Amino acid sequence: MKWRTGGLLLFAAWTAAQANAANDDGQYRLNQLLGSDAEYRATWQSLVKRESRLPDWVMNLSGTASPMTAVDDKGDKYLVGSLCDTPHCASQKLYVAFSWDKDEAYALYVHIPEALPADKSPSKHADFRWLGKPDENVKRVLDERLKADPEWY
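This write-up is about the structure you can find in this document. None of these values were measured; they are calculated from a predicted model.

About the thresholds
Residues numbered from 1 in each chain as written. Predicted model: local features only at pLDDT ≥ 70, side-chain atom pairs only at ≥ 80, totals over all residues. Heavy atoms only, no water. Core = buried A, V, L, I, M, F, W, Y, C linked by side-chain atoms within 4.5 Å. Buried < 20%, exposed > 50% of the residue type's maximum accessible area, 1.4 Å probe, protein only. Helix = DSSP H or I, 4+ residues; strand = E, 2+ residues; numbered from the N terminus. Contact = heavy atoms within 4.5 Å. Salt bridge = Lys/Arg side-chain N within 4 Å of Asp/Glu carboxyl O. Polar contact = N/O pair within 3.5 Å; in protein donor to acceptor, adjacent residues only side chain to side chain. Expected span 1.5 Å × (residues − 1). Arc of directions from axis to C-beta. Phe/Tyr/Trp six-rings, centres within 6.5 Å; stacked < 30°, edge-to-face > 60°.

Describing the nonpolar core
The biggest cluster of nonpolar side chains holds 24 residues, and the ones touching the most others in it are Leu 30, Trp 44, Val 58, Leu 61, Leu 94, Val 96 and Phe 98. Put simply, the parts of the chain that give this core at least two residues each are α2 (30-36), α3 (38-49), α4 (56-59), β3 (76-84), β4 (92-99) and β5 (105-111). Among the elements that make up this core, the one with the highest residue count is α3 (4 residues). The residues contacting Leu 94, other than those within four sequence positions of it, are Trp 44, Trp 57, Val 58, Leu 61, Gly 81, Ser 82, Leu 83, Ala 107, Leu 108, Tyr 109 and Leu 131.

Encoded structure:
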């Protein structure tokens, strides 16, 4: 998908409308996505059915979620969000990107050892799993979201 003149205004207006429709605080969150839109639900279910051995919170996008953001990457637009396993937020994280047309979903599942001492960097001890065969651009988008996490160093 490529931007056209005026696309930025339409993109911003659509994002604002989606956010206001999603949550009382005006923020759209990943853990509400499957219940709010059948297209997102179908796309996510298509992704996870091709994967094996995923925890329920990943399969159902349930847990603690941060607000989602619209990301434009060289003309390709994504709705990007993150989620963690509520009792294990420090060690189990998921970063998800949906294509703007809702046809594709990609994710980065990050597992950090729970017994990791506080003085050890999570980035040096984490296991990563890509879901959905993202290309290098999508990987970069999700990796940037991970690196923006204040608990990631």
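Observations concerning the environment of Gln 45
Relative to the assigned elements, Gln 45 resides in helix α3. Sequence separation between Gln 45 and Asn 60 is 15 residues, and the spatial gap between their C-alpha atoms is 8.7 Å.

Some details on the pattern of salt bridges
Under the counting rule described, the total for this entry stands at 8 salt bridges. Close ionic contact of Arg 140 with Asp 73 constitutes a salt bridge, the shortest N to O distance being 2.7 Å. Taken together, the residues Arg 140 in helix α6 (residues 136-147) and Asp 73 in strand β2 (residues 69-73) connect sequence positions 67 residues apart. Residue class for Asp 73 comes out buried when judged on its relative accessible area of 7%. Residues Glu 151 and Lys 93 are paired through a salt bridge, measuring 3.3 Å at the closest nitrogen-oxygen approach. Of the two residues, Glu 151 is situated in the segment after α6 and Lys 93 in strand β4; the sequence distance between them amounts to 58 residues. Overlapping salt bridges bring together Asp 37, Glu 39 and Lys 102 as one network.

Remarks on the side chain of Thr 43
Turning to its location among the elements, Thr 43 is positioned in helix α3. Side-chain polar atoms of Thr 43 contact the backbone oxygen of Lys 102, separated by 2.3 Å. Thr 43 has contacts with Phe 98, Lys 102, Asp 103, Glu 104 and Ala 105, leaving out every residue within four places of it along the chain.

A look at α3
Its 12 residues place the ends of α3 16 Å apart at the C-alpha level, agreeing with the 16 Å of an ideal helix rising 1.5 Å per residue. Listing the buried residues of α3 in full gives Tyr 40, Thr 43, Trp 44, Leu 47 and Val 48. One side of α3 carries all its buried residues, which in axial view fall inside an arc of 125°. Regarding α3, its N-cap is Asp 37, as a side-chain oxygen of that residue lies 2.8 Å from the backbone nitrogen of Glu 39 further along.

Here we look at the packing of aromatic side chains
Evaluation of the coordinates by the stated rule reveals 3 aromatic pairs. Here the aromatic rings of Tyr 40 and Phe 98 are separated by 4.9 Å at their centres, their planes lie at 75°, and the arrangement is edge-to-face. Here Tyr 40, found in helix α3, pairs with Phe 98, found in strand β4; they are 58 residues apart in sequence, far enough to count as distant. An aromatic cluster of at least three residues, connected via ring pairs, comprises Tyr 40, Trp 44 and Phe 98.

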